[in-house]
Amino acid sequence: MTNSLTNTARLLGAGLRALLVLTLVTGVLYPLVITGIAQGLFNHKANGSDITADGKVVGSSLIGQPYNLPPGKGEETPAPDLTWFQGRPQNGLGTNSVNTQYKLILSGATNRSGDNEELVQWVKDAKAAVVKVNSTAGHTIDPSEVPADAVTSSGSGLDPDISPQYAHLQVHRIAERNGLPVAEVQSLVDEHTEGRTLGFMGEPRVNVLELNTALKALLAKR
Amino acid sequence: MGPVTAGVLQLLALTGALALVHIPLGTYMARVYSSQRHLRVERWIYKGIGADPDTEMRWPAYLRGVLVFSLAGVLLLYALQRLQGVLPGSLGFASIDPDQAFNTAVSFVTNTNWQSYYGEQAMGHVVQTAGLAVQNFVSAAVGMAVAVALVRGFAGSRSGELGNFWADLVRGVVRILVPLAFVAAIVLVACGVIQNFSGVHTVGQFTGGSQEWNGGAVASQEAIKELGTNGGGYFNANSAHPFENPTPFSNLFEIFLILVIPFALTRTFGVMVGSVRQGYAILAAMGTIWLGFVSLMMWAEFSHQGPAFELANGAMEGKEVRFGIGGSSLFAVSTTLTSTGAVDSFHSSFTGLGGGITLLGMMLGEIAPGGVGSGLYGMLVMAVIAVFIAGLMVGRTPEYLGKKIGTREIKQAALYILVTPALVLVLTAAAMALPTPGHSMTNSGAHGFSEILYAYTSASNNNGSAFASLNADTQWFNTTLGIAMLLGRFVPMIFVLALAGSLARQTPVPVTAGTLRTGKPLFAGLLVGAVLIITGLTYFPALALGPLAEGLA
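Residues numbered from 1 in each chain as written. Chains lettered and ligands numbered in written order. Predicted model: local features only at pLDDT ≥ 70, side-chain atom pairs only at ≥ 80, totals over all residues. Heavy atoms only, no water.

(A) Just the overall build of chain B, in detail. On a plain count of helices and strands, chain B comes out with 18 helices and four strands. Since a compact globule built from 553 residues should have a radius of gyration of about 24 Å, the 22 Å found for chain B is in line with a globular shape. Residues counted as buried form 66% of the 553 residues belonging to chain B. For chain B, long-range pairs separated by at least 24 residues make up 78% of all intrachain contacts whose partners lie at least 6 apart in sequence. If you sum the accessible surface of chain B, you get close to 16800 Å²; carbon and sulfur atoms cover 67% of it. Side-chain charges in chain B split into 26 positive and 25 negative, and the spacing between the mean points of these groups amounts to 20 Å. (Helix = DSSP H or I, 4+ residues; strand = E, 2+ residues; numbered from the N terminus. Rg over C-alpha atoms; globule rule 2.2 N^0.38 Å. Buried < 20%, exposed > 50% of the residue type's maximum accessible area, 1.4 Å probe, protein only. Contact = heavy atoms within 4.5 Å. Areas by Shrake-Rupley, 256 points an atom, 1.4 Å probe, with all protein chains shown as cover. Lys, Arg positive; Asp, Glu negative; His and termini not counted. Charge placed at Lys NZ, Arg CZ, Asp CG, Glu CD.)

(B) Main features of the interface of chain B and chain A. Opposite the 97 residues of chain B that make contact, chain A presents 97 residues. Looking only at chain B, the three residues that lose the most surface to chain A are Q121, F206 and V321 of chain B, adding up to 11% of its buried area. Across the chain B-chain A interface, the total number found is one salt bridge. Residue D159 of chain A pairs with R322 of chain B through a salt bridge whose shortest N-O separation is 4.0 Å. Run the count over chain B and chain A and you get 36 residue pairs in polar contact (both at pLDDT 80 or more). If you tally residues by element for the side of chain B that touches chain A, the top one is helix α7 (residues 165–191) of chain B, at eleven residues. (Buried area = accessible area lost by both parts, 1.4 Å probe. Salt bridge = Lys/Arg side-chain N within 4 Å of Asp/Glu carboxyl O. Polar contact = N/O pair within 3.5 Å; in protein donor to acceptor, adjacent residues only side chain to side chain.)

(C) Here's a closer look at the packing of aromatic side chains. Taken as a whole, this structure holds 17 aromatic pairs over all chains when the rule is applied. Taking 5.9 Å as the distance between ring centres and 15° as the angle between the ring planes, the aromatic pair formed by F249 of chain B and F253 of chain B counts as stacked. Here F249 of chain B and its partner F253 of chain B are both found in helix α9 (residues 248–272), four residues apart, which amounts to about one turn of the helix. We note K216 of chain A situated over the ring of F206 of chain B; from NZ or CZ to the ring centre the distance is 4.8 Å. It is K319 of chain B that lies over the ring of F350 of chain B; its NZ or CZ is 4.1 Å from the centre. (Phe/Tyr/Trp six-rings, centres within 6.5 Å; stacked < 30°, edge-to-face > 60°. Lys NZ or Arg CZ within 6 Å of the ring centre and 35° of its normal.)

(D) Representation of the pairing of strand β1 (residues 50–53) of chain A in the model. Residues and elements named next belong to chain A. Residues I51 and A53 line the buried face of β1, whereas the alternating positions D50 and T52 sit on a face that is not buried. Where β1 meets strand β2 (residues 56–60), four bridges bridge the pair, whose relative direction is antiparallel. Its bridge partner lying in β2, I51 is registered against G59. Hairpin connection between β1 and β2: a loop of two residues separates the two successive antiparallel strands, and D54 in this loop has a positive phi of roughly 55°. (Pairing = 2+ DSSP bridges.)

(E) Fine view of a nonpolar patch on the surface. On the surface, a cluster of nonpolar side chains totalling about 430 Å² of accessible area is made up of L24, V28, L29 and L32 of chain A together with F197 of chain B. Its location among the elements puts L32 of chain A in helix α1 (residues 2–41). (Patch = residues over 30% accessible without salt bridge, like charges linked within 9 Å, V, L, I, M, F, W, Y side chains within 5 Å.)

(F) View of the sheet that holds strand β5 (residues 161–162) of chain A. Residues and elements named next belong to chain A. In spatial order, the strands read β5-β7-β6; together these three strands make up an open sheet with antiparallel pairing. The open sheet has two free edges, formed respectively by β5 and β6 (193–194), since each of these has just one partner strand. Pairing of β5 with strand β7 (residues 205–207), which is carried by two bridges, proceeds in the antiparallel orientation. Across the sheet, I162 pairs through a bridge with V206, a residue of β7. Helix α7 (residues 208–221) rests against β5 and β7 of the sheet, and its axis sits at about 55° to β7. (Axes fitted to C-alpha atoms, helices over the stretch in contact; angles between N-to-C directions.)

(G) Region of interest: helix α15 (residues 407–433) of chain B. Between its first and last C-alpha atoms α15 of chain B spans 37 Å; for 27 residues at 1.5 Å apiece the expected length is 39 Å, and the two agree. The largest bend along α15 of chain B measures about 25° and falls at L418 of chain B, with the proline P421 of chain B one to four residues further on. (Expected span 1.5 Å × (residues − 1). Bend = angle between axes of the 7 residues up to and from the residue.)

(H) Quick look at the nonpolar core. In this structure, W166, I261 and Y400 of chain B are the most contacted members of the largest nonpolar core, which totals 174 residues. Here this core gets 17 residues from one element, more than from any other, and that element is helix α6 (residues 125–155) of chain B. Both domain 1 (1–47) and domain 2 (50–221) of chain A contribute no fewer than three residues apiece to this core. Residues contacting W166 of chain B, with those up to four places away along its chain left out, are A14, G15 and A18 of chain A together with Y46, I49, A51, M57, G65, V68 and F69 of chain B. Grouped together as the second largest cluster of nonpolar side chains are 43 residues, I141 and A167 of chain A together with A308 and I325 of chain B included. (Core = buried A, V, L, I, M, F, W, Y, C linked by side-chain atoms within 4.5 Å. Domains from an automatic or database assignment.)

(I) Representation of the domain arrangement of chain A. Here chain A is partitioned into domain 1 (1–47) and domain 2 (50–221). Using only C-alpha atoms to locate each centre, domain 1 of chain A and domain 2 of chain A end up separated by 43 Å.

(J) Layout of the pattern of salt bridges. Using the criterion set out here, one finds 15 salt bridges over all chains in the structure. Salt-bridge contacts for E184 of chain A lead to R222 of chain A; the nearest nitrogen and oxygen are separated by 3.6 Å. Taken together, the residues span a long stretch of sequence, with E184 of chain A in helix α6 (residues 182–191) and R222 of chain A in the segment after α7 at a distance of 38 residues. Judged by relative accessible area, which is 28%, E184 of chain A ranks as partly exposed. Judged by its relative accessible area of 56%, R222 of chain A is exposed. Across the pair E320 of chain B and R322 of chain B runs a salt bridge, and its minimum N-O distance is 2.7 Å. Of the two residues, E320 of chain B and R322 of chain B, neither departs from the other in class, the shared state being buried. The network of salt bridges with shared partners includes R88 and D159 of chain A together with E320 and R322 of chain B.

As structure tokens, this is what we get:
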């Protein structure tokens, strides 16, 4: 009995030592070397691919953000600032509850199923809103023109992109609100439309932050 | 070009890349596990462990190595999480509660990576990098070691010896996983995955205000997360988070990383048993199931059935624009047919049938191509069953690779395939019967049942993905899912190693005219049939109550 106990203890000791040595290799050396190389060769990317406008960091090109008006008094949800291109709905984002010293963004999806009544309502409301705000005096949006990404939340809640269809759908509104010719906004969207990588990977997309940054620069020049 | 064509082209490109790489990688891995030489760094490690890497082990000794090493892993990871609040480098993140710390420790040691916590608000640098990421490496190496031990059982003769666990573990880490992860991590950083040790970033926003994000060693963890078929995300959104998976290329590259070792191990198997044809037969069975599932998934998701998706005109809920339906379908199938469980889109918001395909993928036992190591040994156990069934049909004593499949062997194989279904069905039934677990559901009806069925399927098969609408951070789920992960990992390993032991004691019988040719397409077909029929019969009633009811509504 004692013999098998000491045997087990000896074996467990070997297990622990093995783990500690391998922790040194895979949990200390490996990440440090990778970090060194990443910081040296890809400094901008390794630190979050931020975008600057007018000398100020305005976010990361990879992380979607809201383009809202400052919230009015007593308003629960801030209203979208319609002078800027809008991204996808973000119903899946959470707020942190554990480490409350920070106001961290909690990435995530809504996880609602296709027959979930709440999701059906969200989609309905989003579609109605997209049609309403994007229809201008001389240009009415038909509900069938609204692409799926405009009315659904993404997996991360932080999708930085929208489909080119959704960007084009917003062109008349952007032109009207900013007093720009439609054609000029149209070509701005075209310039910022990225096709599939090598022609077949992923889907065509428009990065909303880059597009809005370019729009701001365009407005500043006038 | 339409999205469907683009999806198919991505599938073809991935298949081509895997076909190219699996041969040299598989042959290399066979050489690693058969080598007589020790690298200098390995000698230092053996000295640190205090183990002699040249001692041959029989199956009980090999199993003891697996178990104590994993026990040490659970203890250390549990302690790290419980102490997080006082450890330096934790950014002020608090210690994790006991039930969640147990669940997470078990989850990472068993290669499951089920996560009942939010990565960005719960885990600091030390726990992520020196705790969780380490288990990403070593749990993968343990799986590969057990698979190699089973292969040695087929290849060996009379001695009953299966190799040395410590040598297999260390070589798997040092010669296979670390070099591959190194290259992969650099590629990921070049795509835009972050890699730093800074604290929480406060970054300005376009219309004013600011965002706060975590920094972290994400690329180094992401690489091994996929390569070791682990799947535990740095962030809650896992591979849907742009900092983990920023571009369409990184998405395909991550799917490639998930699949490359499991597929290449069939080559390793072929080389080690002295006939690459045997490896091709296993590869063909795995590849057929994988291709079939991807096609079904793309069909289900592109046809977007379900009230909300029909209204939205596409099943984009829970999916990212840059990946689209094609890239998301490819990822979802690859992660559930392996033991990965990483997600680039959220399975709970897939169509009813699409969600069912992810469930069925795990229920097959994750063998097409399966987790690193666990996929190969799972498929080889199914091959033993298939050979046995074929033997019954023609009335001959079945044999596989020159080893007789007798009473003892078939019992071990049968017990292996009974463990996970028993865990899944019993625990799901218990959760449905008790009053409180059901409160964790977000969706009701058939989809609510699927949430719980998915959770136990994922845990028992060591997958780790979720219908994340289930609130699993309760004592009931943390505890029962933890137990499911432990038993679902180690009980099957006991039967695999016992099977390896009894095979290794046998003297190979010569091939005769009556021997079933297991290196032929016919056998690969038989194997696919056996896998589908056995799993189908086991899980059909449960699937009918969940995804089938939803998908056909």
